[in-house]
Amino acid sequence: MIKPVKIYVALPVMEEFDYLPQCIDAIRAQDYRNFEVIICLNQPDEWYTLPEKKHVCVDNLKTLGYLRQVKDFDLKVIDRSSPGKGWKGKRSGVGWARKTAMDEIAEVAEDRDIILCLDADTIFPENYFSSVVNTFTENPHISALSVPYFHRLTGDETLDRAMLHYEIYMRNYALNMLRIKSPYAFTAIGSAMATTAKVYRAVKGIAPKPSGEDFYFLMKLRKHGKVISHNPVKVYPATRYSDRVFFGTGPALIKGVQGDWESYPMYHYYYFDEVAETTDAFGTLFEKEVPTPMTLFLQRILKEDILWKPLRKNHKTKERFIRACHEKVDALRILQFLKYRQRLKHSSDEVNLREFLYTFYAPELRAARIALADLDFNKSSIEYLDKLRRMMMEIEETVHSGKRT
């Protein structure tokens, strides 16, 4: 008899006493009951000696006390927070916390069991776990699931405006990657990704990056197999400022309210077309050298004068060569190229987004009755920006589901 799939939740926690109970309540309400939660409560041990960090230690100790009272489902706390148990040396941050929880799970989980990543500020409906199990059951050969997401509004206009700008930035990126049929057309959010224990062990786990561990992990998973982004239930991360990582939602909002969107621009769709022109040439590059829009950039950033010849030498079939090219020109190189092109010729976010949506999604704009002539990220109403991101979210979900190409 085949054992039912078990969900193991990997949950890094630091200074989350105000948010974690909502996440725990969402877990408690799940209609799929075969699950266990592994929490890594963490901070550097030396923070107990730093006055400016003492509040984090106090918050974590309160959280530890709260978690000890949770008795109604399987919960294990890896205590990297109490005095003498915190991180020492270079081991610290969300990357190490997420890895510690996921590695713990990988030691005990069966191959088919699912490792589900969450963040403490995220909530979700009661059928979330069951939806994830169903998605993996219906797609048994996938490497991972990048779960659809939707940031919650707060009622704070300044914060909500920054969040909507940031989420529209992410959806502009995702829609363009989908449009050019990139194998890396998914959004990396730590609170919204899942894989099986078998795949996790096969890729040798998650790398403990100080920031962007979710981005690098999903890229690694994509090189192993297919990553899908279609799930009937989405997660709802909180909208809040945070400086605990170097990039991502929290830092983007901090910069955004100051008017600094340089790190999170609306890349013009033409730059994605240049990526597509490059990746479309991989088949030809198996036969002969041809120039591509990314060639000079790749030579410079990889410090390689000869890009494709070594791949032809090591991969004797066109299919294996093309796969090797995609692994070389991966999500990181694509993002670096977009940033490079954006710096060379910078148009405003409003201009770039208008040109993209008018060019490819005019029917959807008309159906949603959104006039992009009114778009101004500094002045447009929250209702207008929310309507725009909802339209882009719906397009993204339709494409991921295969109902629109």
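Residues numbered from 1 in each chain as written. Predicted model: local features only at pLDDT ≥ 70, side-chain atom pairs only at ≥ 80, totals over all residues. Heavy atoms only, no water.

Caption draft 1: Fine view of the layout of surface pockets. There is about 530 Å³ of room inside the second largest pocket. Around the second largest pocket, the lining comprises 22 residues; the ones closest to its centre are Leu178, Ser182, Ala185, Val399 and His400. Per-element tally for the lining of the second largest pocket: the top contributor is helix α5 (residues 157-179), with 3 residues. In terms of residue class, the lining of the second largest pocket is made up of 10 nonpolar, 7 polar and 5 charged. (1 Å grid on protein atoms, 1.4 Å probe; cavity = no way out; pocket = protein on both sides within 12 Å on 5 of 7 lines; lining within 4 Å. Points joined across faces, edges and corners; volume = space filled by probe spheres on them. Helix = DSSP H or I, 4+ residues; strand = E, 2+ residues; numbered from the N terminus. Nonpolar A, V, L, I, M, F, W, Y, C, P; charged D, E, K, R; others polar.)

Caption draft 2: Just the sheet that holds strand β4 (residues 114-117), in detail. The mixed open sheet is built from 7 strands, whose spatial order is β3-β2-β1-β4-β7-β6-β8. If you trace the sheet from one side to the other, it starts and ends with β3 (75-80) and β8 (227-228), each paired once. In this structure, strand β1 (residues 7-13) lies alongside β4, joined through 4 bridges in parallel fashion. Of the residues in β4, the one forming a bridge with isoleucine 7 is isoleucine 114. (Pairing = 2+ DSSP bridges.)

Caption draft 3: Looking closely at the environment of phenylalanine 360. With respect to the helices, strands and loops of the structure, phenylalanine 360 is situated in helix α15 (residues 349-360). Spatially, the C-alpha atoms of phenylalanine 360 and aspartate 260 are 28 Å apart, while their sequence positions differ by 100 residues.

Caption draft 4: Spatial organisation of the packing of aromatic side chains. The final tally for this structure, using the stated rule, is 23 aromatic pairs. Geometrically, the ring pair formed by phenylalanine 35 and phenylalanine 129 is edge-to-face, given 5.4 Å between the ring centres and 75° between the ring planes. Highlighted residues: phenylalanine 35 in strand β2 (residues 35-42) and phenylalanine 129 in helix α4 (residues 128-138), separated in sequence by 94 residues. Phenylalanine 129 shares its class with phenylalanine 35; the two are buried. Grouped by ring-pair contacts, the aromatic residues Tyr166, Tyr169, Tyr173, Tyr264, Tyr267 and Phe272 constitute a single cluster. Its end group placed over the ring of phenylalanine 360, arginine 179 keeps NZ or CZ at 4.2 Å from the ring centre. (Phe/Tyr/Trp six-rings, centres within 6.5 Å; stacked < 30°, edge-to-face > 60°. Buried < 20%, exposed > 50% of the residue type's maximum accessible area, 1.4 Å probe, protein only. Lys NZ or Arg CZ within 6 Å of the ring centre and 35° of its normal.)

Caption draft 5: Quick peek at the side chain of glutamate 350. In this structure, glutamate 350 sits in helix α15. An unpaired buried charge is present at glutamate 350: no salt bridge exists, and arginine 354, the closest side chain of opposite charge, is 6.2 Å distant. Engagement of the side chain of glutamate 350 in a polar contact is seen with the backbone nitrogen of phenylalanine 377, the distance being 2.9 Å. In contact with glutamate 350, not counting residues within four places along its chain, are Leu375, Asp376 and Phe377. (Lys, Arg positive; Asp, Glu negative; His and termini not counted. Salt bridge = Lys/Arg side-chain N within 4 Å of Asp/Glu carboxyl O. Polar contact = N/O pair within 3.5 Å; in protein donor to acceptor, adjacent residues only side chain to side chain. Contact = heavy atoms within 4.5 Å.)

Caption draft 6: Structural detail: the state of the cysteines. Applying the stated criterion across every chain yields a total of 0 disulfides. Cysteine 57 takes part in no disulfide bond, and the closest cysteine sulfur, belonging to cysteine 40, lies 14 Å away. Free cysteine: cysteine 117, not disulfide-bonded; nearest cysteine sulfur from cysteine 23 at 12 Å. Accessibility expressed as a relative area gives 1% for cysteine 117, which makes it buried. (Disulfide = S-S within 2.5 Å.)

Caption draft 7: Quick look at helix α2 (residues 54-67). Between its first and last C-alpha, α2 extends 20 Å over 14 residues, near the 20 Å set by a 1.5 Å rise per residue. Inspection of α2 places Val56, Cys57, Asp59, Asn60, Thr63, Leu64, Tyr66 and Leu67 among the buried residues, and these make up the whole buried set. In this structure, the buried residues of α2 make contact with β1, α1 (20-28), β2 and β3. (Expected span 1.5 Å × (residues − 1).)

Caption draft 8: Representation of the environment of alanine 331. Tracing the chain through its elements places alanine 331 in helix α14 (residues 331-344). Using a relative accessible area of 3% as the deciding quantity, one classes alanine 331 as buried. Put simply, alanine 331 and alanine 368 are 37 residues apart on the chain and 31 Å apart in space, counted from C-alpha to C-alpha. In contact with alanine 331, not counting residues within four places along its chain, are Tyr173, Tyr184, Phe215 and Met219.

Caption draft 9: Just the environment of valine 235, in detail. Inspection of the secondary structure assignment puts valine 235 in the loop between β8 and β9 (236-237). Along the backbone, valine 235 and aspartate 160 are 75 residues apart, and their C-alpha atoms lie at a distance of 18 Å. Beyond its immediate chain neighbours, meaning those up to four positions away, valine 235 contacts Thr122, Ile123, Phe124, Tyr128, Val147, Pro148, Tyr149, Phe150, Ser191 and Ala192.

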